[in-house]
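Spelled out from the first residue to the last, the chains are:
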Amino acid sequence: MTAEAAPAGNLDTLSSVTVLGLGEMGTALAGAFLDGGHPTTVWNRTPEKADALVAKGARRAASVRDAVAAGSLVVVSVKGNEHARALLESAGDALDGRAVVNLTDGTSAEAKAVAEWAGGRGVAYLHGQIMTIAPGIGSPETVVFYGGDSTVYDRNRSALGLLGGRGSLIGAGAGAPALYGMAVHGTMWGALNGFLHAAALLSDEGIEVKQFLEQAGPSVAALLGYLPVIADEVDRAEYATPYGALQHHLPSAEDLVRESRARGINAEFPGYTVGLVSRALEAGHGEDSYARLIEHFRRP
């Protein structure tokens with residue numbers, strides 16, 4: 001049964017949705033649309049991956065073209081944007097009148113390339129970056145960043161809201177969601193690596209890490225509260241500060257390196273910080289804030 005094409009993205013709460021790709025994330029996405037009452041068609045290269053969804057009421061399509069033809073909103077979640085584009089291309093004129101939301105991971109350039117192809121094809125296109133693992137799909141707290149055709153986002157806000165309660169359109173650029181996601185992940189890995197290094201030091205002394213958090217929690221939480229200050233300094237490219245200047249960071253960072261080495265703890269992580277700060281001081285930036293180190297990361 002093939003649904004008539006609606007104007008791009010013009011969906012009500014019961015409009016038809018197609019999901020291409022049924023890995024962990026694609027399966028969760030299709031399940032959320034089903035739970036929200038949308039007639040949902042699914043396609044996967046391995047058809048049996050759709051069995052559980054079909055048991056819940058999804059329609060299994062025999063081909064990508066059939067799947068696309070069945071839905072007014074086409075959601076793609078596969079491995080790699082080249083694969084996503086190839087699937088969409090294989091749908092041919094079945095894409096006419098459909099809105100596409102591509103939730104495939106990749107770089108910003110890859111997302112832009114799919115968006116450019118879609119625009120040249122006359123396809124209404126939105127790119128999204130999901131900031132959760134599959135079990136988080138549908139949570140009111142789940143964040144999804146979207147970029148691209150605002151009409152697609154606005155007209156499908158209800159359907160997309162089923163995927164995460166904190167979805168937002170961050171701009172017209174299809175590459176921006178990937179950059180937002182990478183920025184979150186980069187910040188996360190830096191914080192996690194720093195915390196695990198700290199945990200190694202604490203446990204070496206026999207201090208429970210949970211005890212540390214109970215007693216030092218306010219200090220750790222204050223670090224996140226300082227990020228808006230750093231963001232403002234970077235945006236304005238103004239780094240001079242009357243307190244907390246880079247020259248005051250170096251002794252503490254060097255102490256951390258010496259402590260780590262004395263205990264046989266890997267000192268590579270704090271050593272990297274010592275190198276960054278030392279080079280900034282040598283360049284005459286001792287009176288500037290920590291945000292000045294953005295220049296290091298901007299160099300080729």
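Just above, that's the structure.
No experiment lies behind these values; they were computed from the predicted model shown.

Asks: For the packing of helix H4 (residues 81-90) against helix H5 (residues 108-121), give the residues involved together with the corresponding values.
Replies: Between H4 and H5, the shortest axis-to-axis distance is 9 Å and the interhelical angle comes to 15°. For the element pair H4 / H5, the angle class is roughly parallel. Where H4 crosses over H5, the two elements pack in a sense that is right-handed. Of H5, the residues touching H4 (which contributes Asn81, Arg85, Leu88 and Glu89) are Glu110, Ala111, Ala113, Val114 and Trp117. Of the residues assigned to the contact of H4 with H5, the class counts are five nonpolar, one polar and three charged.

Asks: Outline the layout of surface pockets, supporting the account with residue identities and numerical values.
Replies: When its volume is computed, the largest pocket comes out at roughly 1,900 Å³. Around the largest pocket, the lining is made up of 39 residues, and of these Gly190, Ala191, Leu223, Phe269 and Tyr290 lie nearest the centre. No other element matches the 10 residues that helix H8 (residues 176-204) contributes to the lining of the largest pocket. The class makeup of the residues in the lining of the largest pocket is 27 nonpolar, 11 polar and one charged.

Asks: Can you break down the pattern of salt bridges residue by residue, with the values?
Replies: Taken as a whole and assessed by the stated rule, the structure comprises 15 salt bridges. With its nearest N and O atoms 3.1 Å apart, the salt bridge here joins Arg85 to Glu89. Taken together, the residues span about one helical turn, with Arg85 and Glu89 both in helix H4 at a distance of four residues. You can call Arg85 partly exposed: its relative accessible area is 31%. Two residues, Asp255 and Arg258, come together in a salt bridge whose shortest N-O distance is 2.7 Å. Separated by three residues within a single helix, Asp255 and Arg258 lie in helix H11 (residues 246-263), roughly one turn from each other. Residues joined in a network through salt bridges with shared partners are Asp204, Glu205, Glu259 and Arg263.

Asks: Explain the sheet that holds strand E3 (residues 59-60) to me, using residue names and the numbers behind them.
Replies: The strands making up a sheet are joined through hydrogen bonds of the backbone, oriented either antiparallel or parallel. With mixed pairing, eight strands are arranged side by side in an open sheet as E3-E2-E1-E4-E5-E6-E7-E8. Strand pairing shows two members of the sheet lacking a second neighbour, E3 and strand E8 (166-171), which therefore form its edges. Note that strand E6 (residues 124-130) and strand E7 (residues 143-148) share five bridges and pair antiparallel. Its bridge partner being in E7, Gly128 is matched across the sheet by Tyr146. In this fold H5 packs onto strand E5 (99-102) and E6, with an angle of close to 160° to the strand it touches most, E6.

Asks: Which residues make up a nonpolar patch on the surface, and what values go with them?
Replies: A cluster of nonpolar side chains, contributed by Phe195, Leu196, Leu213, Val220 and Leu223, occupies part of the molecular surface with about 440 Å² of accessible area. Put simply, the parts of the chain that give the nonpolar patch at least two residues each are H8 and helix H9 (209-225). Summarising the element assignment, Leu223 is placed in helix H9. Residue class for Leu223 comes out exposed when judged on its relative accessible area of 59%.

Asks: Run through the environment of Asp105, naming residues and quoting values.
Replies: Looking at where Asp105 falls in the secondary structure, it is placed in the loop between E5 and H5. In the structure, Asp105 is positioned 146 residues away from Pro251 in sequence and 41 Å away in space, judged by C-alpha atoms. In contact with Asp105, not counting residues within four places along its chain, are Gly80, Asn81 and Gln129. Separated by 3.1 Å, the side chains of Asp105 and Gln129 make a polar contact.

Asks: Go over the packing of aromatic side chains with me, naming the residues and quoting the values.
Replies: Throughout the structure, instances matching the rule amount to two aromatic pairs. Between Phe145 and Tyr180 the ring centres are 5.0 Å apart and the planes differ by 70°, which places this aromatic pair in the edge-to-face class. With Phe145 in strand E7 and Tyr180 in helix H8, the pair connects residues that are 35 residues apart, well separated along the chain. Classification of Phe145 as buried rests on a relative accessible area of 13%. Classification of Tyr180 by relative accessible area gives partly exposed; the value is 40%.

Asks: Describe in detail the side chain of His127, supporting the description with residues and values.
Replies: Structurally, His127 is set in strand E6. Classification of His127 by relative accessible area gives buried; the value is 2%. Setting aside its immediate chain neighbours within four residues, His127 contacts Asn81, Asn102, Thr104, Ala111, Phe145, Tyr146, Gly147, Ala174 and Pro177.

Parameters at a glance
Residues numbered from 1 in each chain as written. Predicted model: local features only at pLDDT ≥ 70, side-chain atom pairs only at ≥ 80, totals over all residues. Heavy atoms only, no water. Axes fitted to C-alpha atoms, helices over the stretch in contact; angles between N-to-C directions. Helix = DSSP H or I, 4+ residues; strand = E, 2+ residues; numbered from the N terminus. Parallel < 35°, antiparallel > 145°, perpendicular 65-115°, else oblique. Left-handed = near helix turned anticlockwise from the far one by under 90°. Contact = heavy atoms within 4.5 Å. Nonpolar A, V, L, I, M, F, W, Y, C, P; charged D, E, K, R; others polar. 1 Å grid on protein atoms, 1.4 Å probe; cavity = no way out; pocket = protein on both sides within 12 Å on 5 of 7 lines; lining within 4 Å. Points joined across faces, edges and corners; volume = space filled by probe spheres on them. Salt bridge = Lys/Arg side-chain N within 4 Å of Asp/Glu carboxyl O. Buried < 20%, exposed > 50% of the residue type's maximum accessible area, 1.4 Å probe, protein only. Pairing = 2+ DSSP bridges. Patch = residues over 30% accessible without salt bridge, like charges linked within 9 Å, V, L, I, M, F, W, Y side chains within 5 Å. Areas by Shrake-Rupley, 256 points an atom, 1.4 Å probe, with all protein chains shown as cover. Polar contact = N/O pair within 3.5 Å; in protein donor to acceptor, adjacent residues only side chain to side chain. Phe/Tyr/Trp six-rings, centres within 6.5 Å; stacked < 30°, edge-to-face > 60°.

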